[in-house]
Amino acid sequence: MKQVFQLPPWAISTESTLYNKTGSWRNYRPVYRNRIPPCNNACPSGEKIQQYIDILNQEEGLYKAWKLLTQDNPFPAVCGRVCFHPCENSCNRSDYDEPINIHTIERFIGDIGLNEGFKWRLPRVNKKYKIAIIGAGPAGLSCAYHLRRRGYQSTIFEADNKLGGLLSQGIPSYRLPQDIVQAEIARIIKSDVKIHSNTAIGNEYDFDKLLKEYKTVFIAIGAHKEKKLGIPGAEHPSVIPALEFLYQLCAGKRVKIGQRVGIIGGGNSALDAARSVLRLGKKPIVIYRRTENEMPAILDEIQEAKEEQIEFVFLAAPERIIIRNNKIVSLECIKMKLGQADKTGRRQPIPIKGSDFKVGVDTIIPAIGEEVDTSFIPGSFLKVLDDTVSTNYEGVFAGGDAVTGPKTVVDAIGAGKKAAHLIHCYLRQVCLPVGASEKPVVFEDLNTAYFEHETRIPSGKLPLSSRLKTFAEVYQGYEKPQLKQECSRCFSCGVCNKCDNCFVFCPDMSVNKRAGKYEFDYDYCKGCGVCVLECPRNAIGLVQEER
Amino acid sequence: MKFTIPQEENMHPGHLACPGCGGALAMRLALKALGKKTMVVLPACCWSIINGPFPYSAVKVPLFHTAFETAGSVSSGIKAALDILGKKDITVLAWAGDGGTFDIGLQALSAAAERNDDFIYVCYDNEAYMNTGIQRSSATPWGAWSSTTPAAKEEPKKNIMDIMVAHRIPYAATASVSYPDDFIRKLKRAKDIKGTRFIHALVCCPTGWKCSSEISIKLTRLAVQSGIFPLYEVENGLKYTLNKPQQISPDNKLIRSYLGAQGRFANLSEKDTKKIVADIKSEWLRLLNKIEGNICIKQ
Ligand SMILES: Cc1cc2nc3c(=O)[nH]c(=O)nc-3n(C[C@H](O)[C@H](O)[C@H](O)COP(=O)(O)OP(=O)(O)OC[C@H]3O[C@@H](n4cnc5c(N)ncnc54)[C@H](O)[C@@H]3O)c2cc1C
Ligand SMILES: Cc1ncc(C[n+]2csc(CCOP(=O)(O)OP(=O)(O)O)c2C)c(N)n1
Ligand code: SF4
Ligand code: SF4
Ligand code: SF4
Ligand SMILES: [Mg+2]
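How each quantity is defined
- Each chain carries its own residue numbering, running from 1 in the direction its sequence is written.
- Going through the entries in the order they are written, you letter the chains from A and number the ligands from 1.
- Local features are withheld for residues below a pLDDT of 70 in this predicted model, meaning they are given only at 70 or higher, and side-chain atom pairs are given and counted only at 80 or more; totals for whole chains, interfaces and linings count all residues.
- The basis for every side-chain value is the complete set of heavy atoms in the structure, and neither hydrogens nor water enter the calculation.
- Segments assigned H or I by DSSP are reported as helices when at least four residues long, segments assigned E as strands when at least two residues long, and all are numbered from the N terminus.
- In this analysis the probe radius is 1.4 Å and the grid spacing 1 Å, with only protein atoms considered; a cavity is a set of points the probe fits into but cannot get out of, a pocket is an open set with protein on both sides within 12 Å along at least five of seven lines, and lining residues have an atom within 4 Å of a point.
- Grid points are joined across faces, edges and corners, and a volume is the space filled by probe spheres set on the points.
- In this count, Pro and Cys sit with the nonpolar residues alongside Ala, Val, Leu, Ile, Met, Phe, Trp and Tyr, while Asp, Glu, Lys and Arg are called charged and the others, Gly among them, polar.
- An automatic or database domain assignment provides the domain bounds reported here.
- Proximity is defined per residue: if any heavy atom of the residue lies within 4 Å of a molecule or strand, that residue is considered near it.
- Axis lines are fitted through C-alpha atoms, for helices just across the contact stretch, and the angle between N-to-C directions can take any value from 0 to 180 degrees.
- Convention used here: angles under 35 degrees read as roughly parallel, angles over 145 as roughly antiparallel, angles from 65 to 115 as roughly perpendicular, and any remaining angle as oblique.
- Between two residues, a contact is recorded if the distance between any of their heavy atoms is within 4.5 Å.
- Here, a salt bridge means any side-chain nitrogen of Lys or Arg that lies within 4 Å of a carboxyl oxygen of Asp or Glu.
- Three labels apply to residues, based on accessible area from a 1.4 Å probe with only protein chains included: buried if under 20% of the type maximum, exposed if over 50%, partly exposed otherwise in between.
- Definition of nonpolar core: a set of buried residues of the types Ala, Val, Leu, Ile, Met, Phe, Trp, Tyr and Cys, connected through side-chain atoms within 4.5 Å.
- Buried area is understood as the total, over both parts, of accessible area removed when two parts are fitted together, assessed with a 1.4 Å probe.
- Only nitrogen, oxygen and sulfur atoms qualify as donors, and only when within 2.8 Å of the metal (3.2 Å in the case of Na, K and Ca); with water excluded, sites may look incomplete.
- Polar contact is the term for a pair of N or O atoms within 3.5 Å; when the atoms are in protein, one must be able to donate a hydrogen and the other to accept it, and sequence-neighboring residues count only if both atoms are side-chain atoms.
- Two strands pair if DSSP finds at least two bridges between them.
- For every accessible area listed, the method is Shrake-Rupley and the probe measures 1.4 Å; residues are considered covered only by the protein chains on display.

Residues Phe54 of chain B and Pro55 of chain B are joined by a peptide bond in cis, for which omega reads 5°. Here Pro55 of chain B lies in the loop between helix H2 (46-50) and strand E2 (56-57). The phi dihedral of Asn198 of chain A is positive, around 55°, even though this residue is not glycine. Turning to its location among the elements, Asn198 of chain A is positioned in the loop between strand E5 (194-196) and helix H10 (207-214). Despite not being glycine, Glu127 of chain B has its phi angle at roughly 70°, a positive value. By the element assignment, Glu127 of chain B lies in the loop between strand E5 (119-125) and helix H6 (160-166).

Below is the structure:
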């Protein structure tokens, strides 16, 4: 036994508390989980937006971001310019200050891809399967690309001499320069996709023959048949349907129009026609049955048309075209008022009796909508089964505007992607789920204490003065510093971006960082839930411990 | 935004703090800031338990358990002993609860501060004697339940910062674990100053505040945001600096959500709540006046 003087003056601890596995106290267990960001969820082509923004934030390189983006959408430079960006409408940042400028980020990545000549590494082609695609619009091309990613080669039949559908036959170059469209298309074609242009199915090539030869067909013919104006005078040669007018412009041809051009409609075709007329040095007047609020055109485009001081006549519908000496002198319209909302939620216009008035014009461009022309298809192939892109005929699929009626580029791209998936399932007789069905992260799930208010960085834009007389592109996109700044605004909803909060706030040192990854130390974690609440992005869940 | 806090970990898990203890996190952050060359002086308080039973310890630095009322005097003594041994690079850190600071330890602390003895004193204030069963202290806020104020406490919280500032010590600051960057900066700053340095850190005790453990950090953040516990520093008893001013807006909604989340305030009537809101607002204005007063000392 030790003598008293040999002992220390007081008791000294010699061990650590590591002996005490406080994990046994726990009723709930924190778990890292990645949730679905609402932006990704809203993108019809399923882009992993949060993830490519994170790649840029972690400075892992533009190629990596481009590769990830184009896994879902082969048209980032196109979509970065003309997409309606539903992703931004559901961006959680809108509830805080302003949504992330996703489409301008996407555009930057797309443009870098083209400038640097980024390439995909695709699997070898399996020639066993023959697949035909009718129509080289965004739906058809997207389908060809996504098939190619799965190792299938397809053959596209396109009626026109140019590829791209409305991307090269409709949308004017001040919004979408042709070299961009053609460069993104060329990248797809070069990946080993067969093309027969100037080959309209029905005219140059019989549909039945096609079906016999290919067995698997994707119909993506768009909606190009103009609705008839159907008012007295509509047959006059100075009445030029919008699609035809825009088609000629896209083809670089001159179209004869007068000095004052009445454009009828409120969609993208109407606004594109009006803004093109303006750029040709003539006076456009847009006549629309409803008000600005109901206009179906993309919001940015309405804004720009207003900036360009395009004249609008709202709540007016054309009644007849007044012609003197074989020339159009004016358009007689009737005033409308808005009535009840219909099943699409839009309020229906109702004419006001005796309110006729005249708008002085010498040319008229109706842009009142397009329909699908399926006259070349025997029977009714386009009866599409519910939400899918399968038709009621085995081996025949359909998608894009051809099924939905005039919609959007990214919806068409999404439909092409879905078709490729279902064609793969059909050919291999497998059934794979299309996508996740978990609930995306909502704003209330976030802990905004760690976010500062920062204004959205706008895309560069041509000044008004230099854009009225040319077809030069209006938007200029980002430079690198702006890209960086805008990306840094992203909340990374539902997905860990290594902010360290869980690590910093754990009172029990139970969050370990190993090789850039976080792990809970369940030996000691007491399940307090602090990390769960302090994770700004809801990337940690709390689950009850089993007893 | 990403916190850049020292990677160095000077505390072990397995300690005995309740889940979500703000006091445990406070020690973890403080030891990150001060580093291994630190000696902790610990009067009786929750941390006496948290650190573990003999022969175990949760911290990787020497920690001296001492009597409830003696944090100030024992720290003075240890510092003097270190000086005699020529060990000048060791920081002495007194680490006491609100009971050990506002109440029973006030004399020893005041005496040490008057002598300007060279140590850092951190009061981790969980607003009651939590260790012994949630008895009220003079740091318990007006209107709060405690086991010795079963209806509600009828006296306001003592203003310990004013008391310590009146000693004209070189550095006094409030700090919160909900703002780890600010917390660590203050401890590092204190380390570089000689003399008595005092840090008042409000920390959530989920057990005593009767709230769920996961909101521990959120509550002390709300305390800062609502103006209940503003973050500020005072140099030499004169120069006030408000920290994170853009975070603070003493408004009704924030104060109410702070009170509403805690069971210890469940008995408050609407009239009581209004009084609390008014008191907080006037305390906030008083603080702003002191900050304004800076201009006078500069002239
Ligand atoms: C003026 C205008 C502006 C627009 N602006 C926007 C915009 O800013 N943003 C947006 O998201 N959307 C916009 N849209 C809509 C968008 O262009 C379409 O939704 C999209 O192009 C549909 O793609 P798709 O592949 O289904 O069809 P399309 O792009 O129409 O392509 C169909 C292709 O099929 C070919 N085809 C048709 N019939 C046959 C046949 N029998 N045989 C062989 N080939 C055939 C056509 O020649 C065409 O190339 C706009 C549309 C117009 C008209
Ligand atoms: C002189 C003396 N009186 C009473 C006690 C019992 N005691 C130990 S800790 C404590 C309360 C400590 O309260 P506080 O300082 O606020 O620390 P907390 O436990 O809340 O962390 C009391 C009363 C004691 N240890 N010594
Ligand atoms: S903040 Fe980022 S992750 Fe969240 S919805 Fe917006 S873009 Fe997506
Ligand atoms: S903060 Fe720490 S102890 Fe609490 S649940 Fe998270 S890992 Fe566990
Ligand atoms: S707190 Fe930060 S590091 Fe931890 S899971 Fe959430 S995002 Fe990732
Ligand atoms: Mg206490």
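Time to look at empty space enclosed by the protein. Residues and elements named next belong to chain A. Counted under the stated rule, the structure contains 5 cavities of 30 Å³ or more. Roughly 180 Å³ of volume is contained in the largest cavity. What lines the largest cavity is a set of 15 residues, among which Arg81, His103, Asp300, Glu304 and Tyr475 lie closest to the centre. Listed by contribution, the elements that provide at least two residues to the lining of the largest cavity are helix H4 (76-82), helix H6 (102-116) and helix H13 (299-307). Residues that form the lining of the largest cavity fall into these classes: 4 nonpolar, 4 polar and 7 charged. Both domains that meet at the lining of the largest cavity, namely domain 2 (38-119 + 446-487) and domain 4 (225-368), each give it at least three residues.

As a further point, take the site of ligand 3. Near ligand 3, the surroundings consist of Pro38, Cys39, Gln50, Cys91, Asn92, Ile100, Ile102, Cys490, Phe491, Ser492 and Cys493 of chain A. The residue inventory of the shell around ligand 3, partitioned by class, reads 8 nonpolar, 3 polar and no charged.

Further remarks concern the packing of helix H3 (residues 62-72) of chain A against helix H7 (residues 138-149) of chain A. Residue and element names in this part refer to chain A. Relative orientation of the contacting elements H3 and H7 amounts to 110°, with a least axis distance of 9 Å. Overall, the two elements H3 and H7 adopt an arrangement that is roughly perpendicular. When H3 is examined against H7, the residues Thr70, Gln71 and Asp72 are found in contact with a partner set consisting of Tyr145, His146 and Arg149. In terms of residue class, the contact of H3 with H7 is made up of 1 nonpolar, 3 polar and 2 charged.

A few words on the pattern of salt bridges. Within this structure, the stated rule accounts for 57 salt bridges over all chains. With a closest N to O distance of 2.9 Å, Asp89 of chain B and Lys37 of chain B form a salt bridge. Of this pair, Asp89 of chain B sits in the loop between helix H3 (71-85) and strand E4 (91-97) while Lys37 of chain B sits in the loop between helix H1 (22-34) and strand E1 (38-43); the two residues are 52 residues apart in sequence, bridging distant segments of the chain. We classify Asp89 of chain B as partly exposed; its relative accessible area is 45%. Between Asp125 of chain B and Lys157 of chain B there is a salt bridge, with its nearest N and O atoms 2.5 Å apart. Residue Asp125 of chain B is located in strand E5, and its partner Lys157 of chain B is located in the loop between E5 and H6; the two are separated by 32 residues in the primary sequence. We classify Asp125 of chain B as buried; its relative accessible area is 0%. Here the salt bridges share partners, and the residues they tie into one network are Arg175, Asp272, Arg275, Arg279, Glu301, Glu304, Glu307, Glu308, Lys461 and Arg467 of chain A.

With 114 residues, the main nonpolar core has Trp47, Trp95 and Phe198 of chain B as its most contacted residues. When residues of this core are assigned to their parent elements, the largest contribution, 9 residues, is made by H1 of chain B. Excluding its chain neighbours within four sequence positions, the residues that come into contact with Trp95 of chain B are Gly23, Ala26, Met27, Ala30, Val40, Val41, Leu42, Pro43, Cys45, Trp47, Val122 and Tyr124 of chain B. Core analysis: the second largest hydrophobic core is formed by 66 residues, Ile49, Phe397, Ala420 and Leu483 of chain A among them.

Turning our eyes to something else, we now look at the domain arrangement of chain A. Interface extent is often summarised as the accessible area lost during association of the parts. All names here are of chain A. As far as domains go, chain A holds domain 1 (28-34 + 496-544), domain 2 (38-119 + 446-487), domain 3 (126-223 + 372-428) and domain 4 (225-368). Just the C-alpha atoms count here: the centres of domain 3 and domain 4 sit 31 Å apart. Taken together, the contact pairs 12 residues of domain 3 with 14 residues of domain 4. Together, the buried faces of domain 3 and domain 4 total about 1,100 Å²; carbon and sulfur atoms form 53% of this surface. Applying the counting criterion to the domain 3 and domain 4 interface returns 2 salt bridges. Glu301 is paired through a salt bridge with Arg175; the nearest N and O atoms lie 3.3 Å apart.

Moving on: the coordination of the magnesium ion (ligand 6). Residues and elements named next belong to chain B. Protein-derived ligands of the magnesium ion (ligand 6) are Asp98 (OD), Asn126 (OD1) and Ala128 (O), with the metal-ligand distances lying across 1.9 to 2.0 Å. The sequence pattern describing where the donors of the magnesium ion (ligand 6) fall on their chain is D-x27-N-x1-A. Linking Asp98 in helix H4 (residues 98-103) with Asn126 in the loop between E5 and H6, this pair joins segments that are 28 residues apart in sequence. Note on Asn126: relative accessible area 5%, which makes it buried.

Tallying the contact residues gives 36 residues for chain A and 41 residues for chain B. Each partner contributes to the roughly 3,200 Å² buried at the junction of chain A and chain B, and carbon and sulfur atoms together form 63% of this total. Its largest share of buried area at the contact with chain B, chain A owes to Thr17, Val504 and Met509 of chain A, together 20% of the area lost on that side. Put simply, chain A and chain B have 1 salt bridge between them. We note a salt bridge from Glu534 of chain A to Arg221 of chain B, for which the minimum N-O separation is 2.7 Å. Inspection of the region where chain A meets chain B yields 19 residue pairs in polar contact (both at pLDDT 80 or more). Of all elements in the fold, only strand E1 (15-16), helix H17 (501-505) and helix H18 (530-534) of chain A reach the threshold of two or more residues within the side of chain A that touches chain B. By residue number, the principal contributor to the side of chain A that touches chain B is H17 of chain A, which donates 4 residues. The class makeup of the residues in the side of chain A that touches chain B is 19 nonpolar, 9 polar and 8 charged. Relative to E2 of chain B, E1 of chain A is paired through 2 bridges, and the arrangement is parallel.

Right, let's get into the site of ligand 1. Residues and elements named next belong to chain A. As a matter of local geometry, ligand 1 sits amid 36 residues, with Val82, Glu158, Arg175, His224 and Asp401 nearest to it. Side-chain polar atom of Glu158 to an oxygen atom of ligand 1: 2.6 Å apart, as the coordinates give it. Asp401 is positioned with one of its backbone polar atoms (N or O) 2.8 Å from an oxygen atom of ligand 1. Contact with the protein chains hides 95% of the accessible area of ligand 1, taken as 990 Å² for the molecule alone. At the level of secondary structure, the elements contributing two or more residues to the shell around ligand 1 comprise H7, helix H8 (166-169), helix H11 (242-250), helix H12 (268-279) and helix H15 (409-428). With 3 residues, the single largest contributor to the shell around ligand 1 is H12. Taken together, the residues of the shell around ligand 1 sort by class into 19 nonpolar, 12 polar and 5 charged. Three or more residues apiece are contributed to the shell around ligand 1 by two domains, here domain 3 (126-223 + 372-428) and domain 4 (225-368).

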